[in-house]
Amino acid sequence: MIAPDWMHHQVTAEQYGSWSDEQCAGIEIVDGMVVVRPSAPKRHNRLIKILAVALEAAAGPDRNADFDVDVRLQDVPLTNRRPDVVVYRADTIDVMPARPEHILLVVEVVSPGSETTDRIVKAGQYARAGISYYWRVEQPPAGVPVVHTYILDPASRTYRDGEVFTGVVDAVAPFPMKIDLTRP
């Protein structure tokens, strides 16, 4: 397959805003350049669904938890990410793309091929954008998921290590919750 011409040139926020949902599906924009996101396996998608449903229930009426949300980290050069799960203020549901100031938590489930991006690159981008919490979920092929939590240090705009949970997340911050990640 030959990539369309628009994938080989730097993209502005205005251009991206004019694209159809089909053009935007499965891509992220990093420093103005299109990055294709490969389709995730069923196991990955299942874990994302479990996380989103549990986070939505724990977040209460003032927050929503969704997946496949366009997050605008910066306008110039354009950087849009689509975290696996996003917890954001419910009153901003129609603000698209979502902005960092509306987001409480982003979750990335690490997949083969996304290890460096999820562990280092995205964490740095989310921290610089000012998103308060970042969770990285490692999903070993034969085992229970491990959740690494990070909390933003607003002064340095970097994340500091939070708690690590294996199988069951039983956290108090940013809101009380218990998520069982061991179920199929």
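Owing to the predicted nature of the structure, the values given are computational and were not obtained by experimental measurement.

Right, let's talk about the overall build of the protein chain for a bit. Secondary structure assignment for the protein chain yields four helices and twelve strands. A compact globule built from 184 residues should have a C-alpha radius of gyration of about 16 Å, and the protein chain, at 16 Å, falls within 12% of that. Dimensions along the principal axes, computed over C-alpha positions, put the protein chain at roughly 45 × 35 × 30 Å. By residue count, 47% of the 184 residues in the protein chain fall in the buried class. Sequence-distant contacts in the protein chain: of pairs separated by 6 or more residues, those separated by 24 or more amount to 52%. Carbon and sulfur atoms make up 55% of the accessible area of the protein chain, which amounts to about 9700 Å² in all. Distance between charge centres in the protein chain, computed from 19 positive and 25 negative side chains, equals 5 Å.

Structurally, Glu108 can be placed in strand S7 (residues 103-109). On the accessibility criterion, Glu108 (2% relative accessible area) is buried. A polar atom in the side chain of Glu108 sits 2.5 Å from the side chain of Tyr126. Sequence-distant contacts of Glu108, that is, excluding residues within four places in its chain, are made with Arg82, Pro83, Asp84, Asp118, Lys122, Tyr126, Tyr134, Trp135, Arg136 and Val137.

With that settled, consider the layout of surface pockets. Quantified by volume, the second largest pocket comes out at close to 200 Å³. Forming the boundary of the second largest pocket are Tyr16, Gly17, Trp19, Ser20, Asp21, Cys24, Ala25, Asp70, Arg72, Arg82, Met96 and Pro97. Residues that form the lining of the second largest pocket fall into these classes: six nonpolar, two polar and four charged.

With 91% of its residues at a pLDDT of 70 or more, the protein chain shows a mean pLDDT of 86. Confidence, read as mean pLDDT per element, is least for strand S11 (residues 168-171) in the protein chain (73) and greatest for strand S6 (residues 85-89) (96).

The element strand S8 (residues 133-138) is largely enclosed, with a buried count of six among its six residues. Note that S7 and S8 share five bridges and pair parallel. For Val107, the partnering residue across the bridge sits in S8 and is Trp135. Pairing of S8 with strand S9 (residues 146-153), which is carried by six bridges, proceeds in the antiparallel orientation. In the sheet register, Glu138 faces S9, and the bridge partner there is Val146.

Right, let's get into the side chain of Thr92. Of note, Thr92 is situated in the loop between S6 and S7. At a separation of 2.7 Å, a polar atom in the side chain of Thr92 contacts the main-chain carbonyl oxygen of Arg89.

As a further point, take the pattern of salt bridges. The final tally for this structure, using the stated rule, is eleven salt bridges. In this structure, the salt-bridge partner of Arg82 is Asp70, at a minimum N-O distance of 3.7 Å. Linking Arg82 in the loop between strand S5 (79-81) and S6 with Asp70 in the loop between strand S3 (63-66) and strand S4 (71-74), this pair joins segments that are twelve residues apart in sequence. Relative accessible area serves as the criterion here: at 9%, Arg82 is assigned to the buried category. The class for Asp70 is buried, based on a relative accessible area of 12%. Arg89 is paired through a salt bridge with Asp91; the nearest N and O atoms lie 3.0 Å apart. Beyond isolated ion pairs, a larger network of salt bridges with shared partners links Glu28, Arg81, Glu108, Asp118 and Lys122.

Calculation rules
Residues numbered from 1 in each chain as written. Predicted model: local features only at pLDDT ≥ 70, side-chain atom pairs only at ≥ 80, totals over all residues. Heavy atoms only, no water. Helix = DSSP H or I, 4+ residues; strand = E, 2+ residues; numbered from the N terminus. Rg over C-alpha atoms; globule rule 2.2 N^0.38 Å. Buried < 20%, exposed > 50% of the residue type's maximum accessible area, 1.4 Å probe, protein only. Contact = heavy atoms within 4.5 Å. Areas by Shrake-Rupley, 256 points an atom, 1.4 Å probe, with all protein chains shown as cover. Lys, Arg positive; Asp, Glu negative; His and termini not counted. Charge placed at Lys NZ, Arg CZ, Asp CG, Glu CD. Polar contact = N/O pair within 3.5 Å; in protein donor to acceptor, adjacent residues only side chain to side chain. 1 Å grid on protein atoms, 1.4 Å probe; cavity = no way out; pocket = protein on both sides within 12 Å on 5 of 7 lines; lining within 4 Å. Points joined across faces, edges and corners; volume = space filled by probe spheres on them. Nonpolar A, V, L, I, M, F, W, Y, C, P; charged D, E, K, R; others polar. pLDDT = per-residue confidence, 0-100. Pairing = 2+ DSSP bridges. Salt bridge = Lys/Arg side-chain N within 4 Å of Asp/Glu carboxyl O.

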